[in-house]
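Coordinates in review
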Amino acid sequence: MDTVQTRHSFDEELQQMKQDILKMGSVVEEMLAGAVKALRERDKNLADEVIAKDDIVDEYNLNIEQTCLRLLALQQPMARDLRTIAAALYIIKDVERMGDYALDIAKAAKKLADYEPITQLIKIPRMAEIVQKMLRDSLRAYVNHDIEVISEIAQEDDEVDILYRQVRDGMIGLIKDNPKSAAQAVELILAARYLERIADHITNIGERISYMETGHLRELH
Amino acid sequence: MVADVELMHKDDPMNARAYAAPAGDICLSVKNLNVWYGDSLALKNISIDIPSKEITALIGPSGCGKSTFLRSINRMNDLIPSARTTGEIWLDGEDILDQGMDVVRLRKNVGMVFQRPNPFPKSIFDNVAYGPRVHGVNDRRELAMIVEKSLRRAAIWDEVKDELHKSAFDLSGGQQQRLCIARALAVEPKVLLMDEPASALDPISTLKIEELMRELKNEITIVIVTHNMQQAARVSSYTGFFLMGELIEFGPSTTIFTTPRDKRTEDYVTGRFG
């Protein structure tokens, strides 16, 4: 059977929508990198730059949602197209929430900039590196219809969970040793907690991709 | 959903198709149906169980065999001199394709509605009373009861009850189609075949026909052929996809339209080939 291109403009719009999701993800990735750098280097200006980027993410979120609703209403997509658009509607909510967490980390960075550091940050930047890679991989997997990467995402999520618990336990230790460090330690626990939540949202994306590709829902965490 | 999948022709991998057997009672059981028009094979070894009191939609591109399949179920292909049919279609313990089958009785049990409304050049009343009269009902009161009941079942009674003796041609296209459905229902068929019943109608008339189908399926089995995939998705509980005379995939409509198993079904329902 000859397959001819019968839905050219629809395909173009779908591709454009996927590209917008990648762009939205890359803004969140930059926010994450910037927020954790601001936290480590006590850089208020950088934190402000991160905070400003949240509006861009929100705008992508709204625009992509509108595109999805328009495609659903006007193109009546079926089967894989339908699953791709349904996945997009979930994915942008997860990415938007990640942007909010990055924003929270940037706010924490601003608060901590006024204090003398209580510890050198190693595990939190490591967590940020992992979640940035997870985010990048998951969105590429969405765009390229690739489910191979999903099991990797599940493993990386476990790694992030372990790092979070180590940060939390470390901070509790610091508070015990020096109660005056509590204000800073709590902010750092929260920052680690936000990164851990971001990883959870990325596994949600993995689940949506898995559904999109196979038609079966699969819990990753 | 995976457990209910079986291959229709386990012995012949070339003919293996994505086939999910219907869960409930079976109304029509089709086995190895082949139809030729002259030398050309229009239907290739079709086997399918049509569920009872459900709406089954048949979809596929023009010339895929879906209308030929529909017309086999009430032996309409007999009217085409070059048509030749082999195989079996079981309804209520009888093989419809059996040479001894009384075709008039068959068409009482298996009614049909066509693409263009085709009322007789008679009054609304006489259109609906036609079938029962052919089958020997002559009592005026009984006929009046049948006509009212049929028009009510076809959701057109309220619109025509005061003008039953007007010509059917005075009705709108959508009303004429519902009249044709009433005419088909008047002989109490078990199965109603619908060949593109709404393709000549406006969107509101189309939705009325679809709503009517949903009500009717509580009582009868409906098989609809449609080019309109959204319509198939809206009304049917099962869908079969035909391509070049073959049944490529059959299963719950939800599966066919969200997660079809066969690449060709996927390509068709997403509009990716022509």
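Residues numbered from 1 in each chain as written. Chains lettered and ligands numbered in written order. Predicted model: local features only at pLDDT ≥ 70, side-chain atom pairs only at ≥ 80, totals over all residues.

1. Some remarks on the environment of B:Ser72
Rule in force here: Secondary structure elements follow DSSP: runs of H or I of four or more residues count as helices, runs of E of two or more count as strands, with numbering from the N terminus. We call a residue exposed when 12 or fewer other C-beta atoms sit within 10 Å of its C-beta, buried when the count reaches 20 or more, and partly exposed for counts in between; the C-beta positions come from the backbone.
Assignment of secondary structure puts B:Ser72 in helix H1 (residues 66–73). Judged by C-beta crowding, with 26 C-beta atoms within 10 Å, B:Ser72 ranks as buried.

2. Concerning the packing of helix H6 (residues 173–185) of chain B against helix H7 (residues 203–216) of chain B
Residues and elements named next belong to chain B. Note the threshold: Axes here mean lines fitted to C-alpha atoms, for a helix over just the part in contact, with angles spanning 0 to 180 degrees between N-to-C directions. Throughout this description, any angle smaller than 35 degrees is read as roughly parallel, any larger than 145 degrees as roughly antiparallel, any in the 65 to 115 degree range as roughly perpendicular, and the remainder as oblique. Each helix crossing is assigned a hand: it is left-handed if the near helix lies turned anticlockwise from the far helix by less than a right angle, otherwise right-handed if that turn is clockwise. Here, residues touch in the contact sense if the C-beta positions derived from the backbone fall within 7 Å of one another. Under the scheme applied, nonpolar residues are Ala, Val, Leu, Ile, Met, Phe, Trp, Tyr, Cys and Pro; charged residues are Asp, Glu, Lys and Arg; polar residues are all the others, including Gly.
Two elements in contact, H6 and H7, have axes whose closest approach is 9 Å; the angle formed by their N-to-C orientations is 20°. Here H7 runs roughly parallel to H6, going by the angle between their axes. When the axes of H6 and H7 are compared, the crossing they make is right-handed. Contact residues: H6 offers Gly173, Gly174, Gln177, Arg178 and Ile181, while H7 offers Ser205, Lys208, Ile209 and Leu212. Here the contact of H6 with H7 is built from residues that sort into three nonpolar, four polar and two charged.

3. Comments concerning the pairing of strand S5 (residues 55–59) of chain B
Here is the key point about a regular strand: its side chains alternate between the two faces of the sheet. Residue and element names in this part refer to chain B. Threshold: Think of it this way: DSSP has to see at least two bridges between two strands before they count as a pair.
Counting buried residues in S5 gives five out of five residues, a clear majority hidden from the surface. A two-sided burial pattern is seen for S5, the buried positions comprising Ile55, Ala57 and Ile59 on one face and Thr56 and Leu58 on the other. Relative to strand S10 (residues 221–225), S5 is paired through four bridges, and the arrangement is parallel. Looking at the pairing, Leu58 lines up with Val225 of S10. Bridge count for S5 against strand S11 (residues 238–243) is four bridges, and the pairing is parallel. Bridging from a neighbouring strand, Ala57 pairs with Thr239 of S11.

4. So, the confidence of the model for chain B
Residue and element names in this part refer to chain B. Formally: The predictor attaches a confidence to each residue, and that confidence, scored 0 to 100, is pLDDT.
Taken as a whole, chain B shows an average pLDDT of 91; of its residues, 93% reach a score of 70 or greater. In the model, residues 1–16 has pLDDT below 50 throughout and makes 16 contacts with residues more than four positions away in sequence or in other chains. Scored as a complex, the prediction yields pTM 0.84 and ipTM 0.76.

5. Things to note about the nonpolar core
Put simply, the rule reads: The term nonpolar core means buried Ala, Val, Leu, Ile, Met, Phe, Trp, Tyr and Cys residues held together as one set by C-beta atoms within 7 Å.
By size, the foremost hydrophobic cluster in this structure holds 77 residues, and its most contacted members are B:Ile73, B:Ala182, B:Val191, B:Leu193 and B:Val223. Here the element with the most residues in this core is H6(B); it accounts for six residues. In this structure, B:Ile73 is in contact with B:Leu28, B:Ile89, B:Ile96, B:Val110, B:Val191, B:Leu193 and B:Val223, ignoring residues within four places of it in sequence. By size, the runner-up hydrophobic cluster in this structure holds 63 residues, among which are A:Leu39, A:Ala88, A:Ala128 and A:Leu195.

6. Digging into the interface of chain A and chain B
Tallying the contact residues gives 14 residues for chain A and 15 residues for chain B. Partitioning the side of chain A that touches chain B into residue classes produces six nonpolar, four polar and four charged.

7. Notes on the sheet that holds strand S7 (residues 94–95) of chain B
All names here are of chain B. Pairing in this open sheet of four strands is antiparallel, and the strands run S4-S3-S6-S7 from one edge to the other. Only two strands of the sheet have a single partner each, and these edge strands are strand S4 (40–51) and S7. In the sheet, strand S6 (residues 83–91) pairs with S7 via two bridges, with the strands oriented antiparallel. Looking at the pairing, Trp90 lines up with Asp95 of S7.

8. Focus: helix H4 (residues 123–144) of chain A
Residues and elements named next belong to chain A. What counts is decided by this rule: How far a helix is expected to stretch is found by multiplying one less than its residue total by 1.5 Å.
Between its first and last C-alpha atoms H4 spans 31 Å; for 22 residues at 1.5 Å apiece the expected length is 32 Å, and the two agree. All of the buried residues along H4 are Ile124, Met127, Ala128, Val131, Gln132, Met134, Leu135, Asp137, Ser138, Leu139, Ala141 and Tyr142. Residues of H4 that are buried sit in contact with helix H1 (8–41), helix H3 (79–112), helix H5 (149–177) and helix H6 (182–214). Two residues or fewer past H4, His145 is found with a positive phi of approximately 55°.

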